[in-house]
Amino acid sequence: MKNFLKGNFLCAISILVALIFFPIQNVSAERINQVHAMIHSENIPPIVRDRMEFSVKTIGEQLFEGMELPITREWKSMQEKTIATVFDKVLSGYSVDNVQIDFDTMTVIHVHLIPWENRINRVEFKLQLENLDPKIATLVKKDLDGVDELFYDSLNDLPIAATDWISGAIKRQLESFEQVRIPEYRLEFDIEPGDITRVELYAIPRAPIVRTVDLETESRSLPVFIRDEQNRFLKTGMESLIAVPVNFVIRHRKDLETQFENYARSEKKFRSFRLKTEVSIRRAEGEKIIAKAKTESNRFDIDLEAWADFGRTNYSKDDLTLRFDLGRKLSSADKIFIMTDLRPVNMRWKFSAGYGRDLRNDFHTSIRYNFSDEQFIAGASFDFLKSWRFRYEYRFEDSTGEAGILYKFKDRVGLEYVIESDENWIRLMGFF
C-alpha cells in the first residue's frame, strides 16, 4: 500500500511538471483558404461563364477567405442570399435563380442563372480594311484568320442585353490574340446588338510606321533607261508600304518580296523583255525601308553607251562614239549579239556580230567579227568591287591589244583608263 501511494504520488508530480513546462496547446479550427465559383446556365458562352465565375470568385474571396469552420446553417443561408443579391445587381441579360455555397477549406459557390428571353440568333462579322492596300490587306487577313470565331463563340445565343456587359471580356481575349498573331496592329471593334448582331473589327497600326521607301535597282542585261522606267513602276507599287507598321513589313518581308516580284512582272510594256525581278527588303532605318531590286531579261542583253577620249595622240572630234549592243540570249550564259558603233560627228559607223559567254556572273567573254574593218576581235571583262571593271580586247588583223580599267561614279557616268601598246588615254563614258 505504501509503495502504491508512493508510485501514484510520483505520477502526479510528473503530470504537474508536464503541465507547467508543456501546457496543452489550443487546437484552432480549420479555416477557408480557397474559394471557387461555378456558374450553371443553359448554353452560356465559355467567355461569359469565365468572366462570371471570376466575378463571383472575387466576391467570395473578400467575404470568406480566412474564416473559421464550421459555419452555422443560418449564417450560410444569409451569405447565399447576399451573394445572390449582389451578383444579380451587376448582371445584364441574366437573372440569379439561386446560390448554393459548399463551405470547406476549399469553398465552392454555385450560382444558377436564368437567361433573359431576347437572344442573339445570328452574328454578322466584317473586317474593315478599306484603307489598306490590297497587298497589305491580304497579309493582315492571313494574320487575323480565325478571329471571327472569337466573336461567334462569345455572342451566339447570348441574351442581347448582355452584349455591353461582355464587351470587356471580348476585348481582353482580343488583346491576347493580337499579341500572338498581329502585334503590330491594335484591334478595335464595334458591336451593334440585336436579333442579328453586327460586329465590325478595325486594325489600327502601331508606331513606328513606314514613311519612305528607298529602292535600289541593279541590272546587267538592261540599259539604264529601261531599268529606271521599271524602277519607277516598282517603286509606285512599293508605296503600298507607306503608313504600314515597320515591324509588320520586316516580319512579312518574304511574302511582300514575292508580291512585289509578281507586281513587277505585271507591267505589259516590259513583257516582251521577259524580265525576272528579284526584290529583297534589306532592313529598316527608323521609319524608312531599304529595298533592292535586281532585274534581268531572260531574252535580251542590251547595252547603250557613249564615250569621248582625251589624251590620245590622234585625238579628234570624231572620237565621240555611240555604241548600241543588242544580244539575244541562247541560255542563261550564252548569247549571240550585234553591235553598232556610230560616230555622230561624221556619221561613220561600224557594224559587228558575234558570240558571248558568261563564265561567271562577273566574268564575261566574247568573240565578234567587225564587218567594217574586216577583222575578228576577242574580248573579256571582269567586274569587281561593285563599281570597277577590267576589260581586254585583242584585234587579230593588226595584232593589237587594248586594256581598260573603268570606275563608275554613278549608274550613268564612268571614267576609264585605256592602255594600248603605244599609248594611254582617258575615256569619259556615259551609260543610257
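Residues numbered from 1 in each chain as written. Predicted model: local features only at pLDDT ≥ 70, side-chain atom pairs only at ≥ 80, totals over all residues. Heavy atoms only, no water.

Trainee: Can you tell me about the overall build of the protein chain, naming the residues and giving the values?
Mentor: Helix and strand counts for the protein chain come out as nine helices and 19 strands. A globule of 432 residues ought to have a C-alpha radius of gyration of about 22 Å, yet the protein chain, at 43 Å, is considerably larger. For the protein chain, the accessible surface area stands at approximately 24,900 Å², while carbon and sulfur atoms represent 54% of it. Within the protein chain, the 69 negative side-chain charges are centred at a point lying 3 Å from the centre of the 62 positive side-chain charges. (Helix = DSSP H or I, 4+ residues; strand = E, 2+ residues; numbered from the N terminus. Rg over C-alpha atoms; globule rule 2.2 N^0.38 Å. Areas by Shrake-Rupley, 256 points an atom, 1.4 Å probe, with all protein chains shown as cover. Lys, Arg positive; Asp, Glu negative; His and termini not counted. Charge placed at Lys NZ, Arg CZ, Asp CG, Glu CD.)

Trainee: Lay out the confidence of the model for the protein chain with the relevant residues and their values.
Mentor: Here the protein chain averages 87 in pLDDT, while 92% of its residues score no lower than 70. Throughout residues 1-27 the model reports pLDDT below 50, and contacts reaching past four residues in sequence, or to other chains, amount to three contacts. (pLDDT = per-residue confidence, 0-100. Contact = heavy atoms within 4.5 Å.)

Trainee: Report on the pairing of strand β2 (residues 94-102), specifying residues and quantitative values.
Mentor: Relative to strand β3 (residues 106-115), β2 runs antiparallel, the two being bridged by eight bridges. Residue pairing for β3: Val96 is matched across the bridge by Leu113. Between the antiparallel neighbours β2 and β3 lie three residues. (Pairing = 2+ DSSP bridges.)

Trainee: Go over the pattern of salt bridges with me, naming the residues and quoting the values.
Mentor: All told, the structure shown has 35 salt bridges when counted by the stated rule. Taking the shortest distance from any N to any O, the salt bridge between Arg31 and Glu68 comes out at 3.0 Å. Highlighted residues: Arg31 in the loop between α1 (2-21) and β1 (34-40) and Glu68 in the loop between α2 (46-64) and α3 (73-90), separated in sequence by 37 residues. The partly exposed category is assigned to Glu68, whose relative accessible area is 41%. Its salt-bridge partner being Arg122, residue Glu124 comes within 2.9 Å of it at the nearest N-O pair. (Salt bridge = Lys/Arg side-chain N within 4 Å of Asp/Glu carboxyl O. Buried < 20%, exposed > 50% of the residue type's maximum accessible area, 1.4 Å probe, protein only.)

Trainee: Tell me what's going on with the sheet that holds strand β6 (residues 196-205), and back it up with residues and numbers.
Mentor: The strand order β4-β6-β5 describes an open sheet built from three strands, whose pairing is mixed. The sheet is open, and its two borders are formed by β4 (122-128) and β5 (185-192), each paired with just one other strand. Averaged over neighbouring strand pairs, the angle between their axes works out to 20° when direction is ignored. As paired strands, β4 and β6 are joined by seven bridges and run parallel to one another. Residue Lys126 lies in a different strand from β6, and its bridge partner there is Glu200. Along the sheet, helix α5 (residues 147-155) makes contact with β4, β5 and β6, crossing β4 at roughly 155°. (Axes fitted to C-alpha atoms, helices over the stretch in contact; angles between N-to-C directions.)

Trainee: Any chance you could break down α5 for me, citing the residues and the numbers?
Mentor: Turning to α5, its buried residues number three or more, namely Val147, Leu150, Phe151, Ser154 and Leu155. Down the axis of α5, the smallest arc covering the buried residues is 100°, so these residues share one side. Residues of α5 that are buried in the fold lie against α2, β4, α6 (163-181), β5 and β6. Positive phi appears at Asp157, one or two residues downstream of α5, with a value of about 70°. (Arc of directions from axis to C-beta.)

Trainee: I'd like to hear about the sheet that holds strand β8 (residues 275-285), residue by residue, with values.
Mentor: Within the open sheet, the three strands sit side by side as β7-β9-β8. Their pairing is mixed. This sheet does not close on itself; its edge strands, each paired only once, are β7 (212-218) and β8. In this sheet, neighbouring strand axes are inclined to one another by 20° on average, regardless of whether the strands run parallel or antiparallel. In terms of strand pairing, β7 meets strand β9 (residues 288-297) through seven bridges, oriented parallel. Looking at the pairing, Asp214 lines up with Ile290 of β9. Contacts between helix α7 (residues 224-238) and the sheet are confined to β7, β8 and β9, with β7 contributing the most and set at about 150° to the helix.

Trainee: Which residues make up the layout of surface pockets, and what values do they have?
Mentor: The computed volume of the second largest pocket comes to approximately 210 Å³. Looking at the lining of the second largest pocket element by element, the count peaks at three residues for β6. (1 Å grid on protein atoms, 1.4 Å probe; cavity = no way out; pocket = protein on both sides within 12 Å on 5 of 7 lines; lining within 4 Å. Points joined across faces, edges and corners; volume = space filled by probe spheres on them.)

Trainee: Summarise a nonpolar patch on the surface; cite the residues concerned and give the values.
Mentor: Where nonpolar side chains cluster on the molecular surface, the patch consists of Phe310, Phe409, Val413, Leu415, Tyr417, Ile419, Ile426 and Leu428 and spans about 670 Å² of accessible area. Counting residues per element, the ones that place at least two in the nonpolar patch are β18 (413-420) and β19 (424-431). Among the elements that make up the nonpolar patch, the one with the highest residue count is β18 (four residues). (Patch = residues over 30% accessible without salt bridge, like charges linked within 9 Å, V, L, I, M, F, W, Y side chains within 5 Å.)

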